[in-house]
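Each chain, written out:
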Amino acid sequence: MEDTSHTNKKQRVEDGQGEKNVKRKVALLLAYNGVLYQGLQKNPDATTVEETLETAIHRAGGISDENFGTLQKISWSRAGRTDKGVHAVGQIIGLKMLLQPEPMMDRINSELEGTGIRVLGFERVINSFCAHTMCESREYQYVLPVYALRRAAVAVDETGERLGDSAGAEARRREEGLTAEERARLLSYLQQLEGTHYFHNFTDHKLTCKDKQAQRYLLSARVVDVPPLNGTACVSLCYHGQSFLLHQIRKMTSVVVGCMRGDLPPDALGVALSTPSLRSGIPLAPACALTLRRCFFPRYEKWYGERGSIHFERCAAAQVRARWWRVVLRRFSLPLTLSSRPTPPA
């Protein structure tokens, strides 16, 4: 007697039946406003991006009741782990998700309304896809006002008393963009960070210069122009690296800004990279100006890109519209100052 069960199952799938409760591995392209959350990764007693996203997918029907609440059951993975206050327009999340009823992405975004989180696109991927291990590099963008790179000129009267800036002078100071000399100097500082270095002084104090984990490879660090924000000239520092340590980008930016302003000596970056342990720590630049822009999967694209690119070039316009870093000026009402100078031990 002929076994027709396989044939019938195949026919049901082709007719669109029997697929409703089957999980499929997908990669989500995610944008979010990090100011609203205590980081990306799901943690107890914390409002996080992952917890909010998981709840929205569950309510939309993408995660079953049996699997809801346990990310391991749906093979959840993330390409880059952002900290409290850090934004993203190119985060990649991998998970097994129910795709019916369609359109699932619209249903998820409807549940995410008002949360500051948006799914910009998704693609089917291979079952073994892991966003963390298969991501080969990440690019972050730190946007800051140009005036933060300059030491404020202080006017005094004939008695030596400090005079406040006039409204016109303050407006001009905020509108002035980078000069050619400032751009060249800024780029020279950023280029000192490129290549392989031990960044133990640019993270918390748990790592030392002897820890292999402190070694990171920065592919490029460059200066990119961005449109003015509320009439204030801004500039973007783009860091493209294989991976980054906790607070690494914010501390690198802090030292670069300090060197530009003259708060730190010109060789401060070299000292911080080569000194086993600094006597004084490096302060953190504000998190609100940092955005995860893109995650790169060149090897996956080479072998499986025909299934659907997870570089999501078609979503570039949506990524540009999701500029959460427009809140940057709220934290830069005054020029950035550094409270300590990195100095080598005696």
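Check the entry above for the structure.
A brief structural summary.

Calculation notes
Residues numbered from 1 in each chain as written. Predicted model: local features only at pLDDT ≥ 70, side-chain atom pairs only at ≥ 80, totals over all residues. Heavy atoms only, no water. Helix = DSSP H or I, 4+ residues; strand = E, 2+ residues; numbered from the N terminus. Buried < 20%, exposed > 50% of the residue type's maximum accessible area, 1.4 Å probe, protein only. Contact = heavy atoms within 4.5 Å. Core = buried A, V, L, I, M, F, W, Y, C linked by side-chain atoms within 4.5 Å. Phe/Tyr/Trp six-rings, centres within 6.5 Å; stacked < 30°, edge-to-face > 60°. Expected span 1.5 Å × (residues − 1). Polar contact = N/O pair within 3.5 Å; in protein donor to acceptor, adjacent residues only side chain to side chain. Salt bridge = Lys/Arg side-chain N within 4 Å of Asp/Glu carboxyl O.

## Focus: the environment of Glu-301
- Looking at where Glu-301 falls in the secondary structure, it is placed in helix H9 (residues 298-304).
- Looking at Glu-301, the relative accessible area reads 19%, which means it is buried.
- Sequence-wise, Glu-301 and His-311 are 10 residues apart; in three dimensions their C-alpha atoms are separated by 8.1 Å.
- Beyond its immediate chain neighbours, meaning those up to four positions away, Glu-301 contacts Ser-309, Ile-310 and His-311.

## A short note on the nonpolar core
- Counting residues in hydrophobic clusters, the biggest one holds 88 residues, and the most contacted among them are Leu-53, Ile-92, Phe-129 and Tyr-239.
- Filtering out sequence-adjacent residues up to four positions away, Ile-92 remains in contact with Ala-27, Leu-28, Leu-29, Ser-77, Arg-78, Ala-79, Phe-129, Ala-131, Cys-295, Phe-297, Ile-310 and Phe-312.

## Describing the packing of aromatic side chains
- Taken as a whole and judged by the stated rule, the model has 5 aromatic pairs.
- Aromatic side chains Tyr-140 and Phe-244 sit 5.4 Å apart centroid to centroid with 85° between the ring planes, which places their arrangement in the edge-to-face category. You can see Tyr-140 sitting in strand E5 (residues 137-145) and its partner Phe-244 sitting in the loop between strand E10 (234-241) and helix H7 (248-261), a full 104 residues away along the chain. For the pair formed by Tyr-140 and Phe-244, the shared burial category is buried.

## Details of H7
- For H7, with 14 residues, the first-to-last C-alpha span of 20 Å sits near the 20 Å given by 1.5 Å per residue.
- The first or second residue beyond H7 is Gly-262, which carries a positive phi of 85°.

## Some words on helix H2 (residues 49-60)
- Given a rise of 1.5 Å per residue, 12 residues ought to cover 16 Å, and the 16 Å separating the end C-alpha atoms of H2 matches this to within 8%.
- Among all positions of H2, only Val-49, Glu-50, Thr-52, Leu-53, Glu-54, Ala-56, Ile-57 and Ala-60 are buried.
- Those residues of H2 that are buried are in contact with strand E1 (23-32), strand E2 (77-78), strand E3 (87-98), helix H3 (104-111) and strand E4 (117-124).
- Taking the backbone nitrogen of Glu-51 as reference, a side-chain oxygen 3.3 Å away marks Thr-48 as the first, capping residue of H2.
- Immediately downstream of H2, the backbone of Gly-61 shows phi near 95°, a positive value.

## With respect to the environment of Gly-34
- For Gly-34, the position within the fold is in the loop between E1 and H2.
- Expressed as a C-alpha distance, the spacing of Gly-34 and Lys-84, which sit 50 residues apart in the sequence, is 6.4 Å.
- Those residues within four positions of Gly-34 in sequence are excluded, and the remaining contacts are Gly-85, Val-86 and His-87.

## Considering the side chain of Ser-77
- Structurally, Ser-77 can be placed in strand E2.
- Look at Ser-77 and you get buried, because its relative accessible area is 7%.
- Of note is the side chain of Ser-77, whose polar atom sits 2.9 Å from the backbone nitrogen of Ala-131.
- Discounting chain neighbours no more than four positions away, the residues touching Ser-77 are Ile-92, Ile-93, Gly-94, Cys-130, Ala-131 and His-132.

## So, the pattern of salt bridges
- Following the criterion strictly, the structure yields 12 salt bridges and no others.
- The partner of Arg-293 in a salt bridge is Glu-139, and the shortest N-O contact between them spans 2.5 Å. Placement of Arg-293 in strand E11 (residues 290-296) and of Glu-139 in strand E5 is noted, with a sequence separation of 154 residues between them.
- Arg-293 gets classed as partly exposed once you look at its relative accessible area, which sits at 26%.
- You can call Glu-139 buried: its relative accessible area is 6%.
- A salt bridge links Glu-176 to Arg-150, with the shortest nitrogen-to-oxygen separation between them at 3.6 Å. Taken as a pair, Glu-176 in the loop between helix H5 (167-175) and helix H6 (180-191) and Arg-150 in the loop between E5 and strand E6 (155-156) lie far apart in primary sequence, 26 residues in all.
- Take Glu-176: its relative accessible area is 42%, and that puts it in the partly exposed class.
- Taken together, the shared-partner salt bridges in this structure form one network comprising Glu-139, Arg-222 and Arg-293.

Remember, this is a structural readout, not a statement about activity or role.
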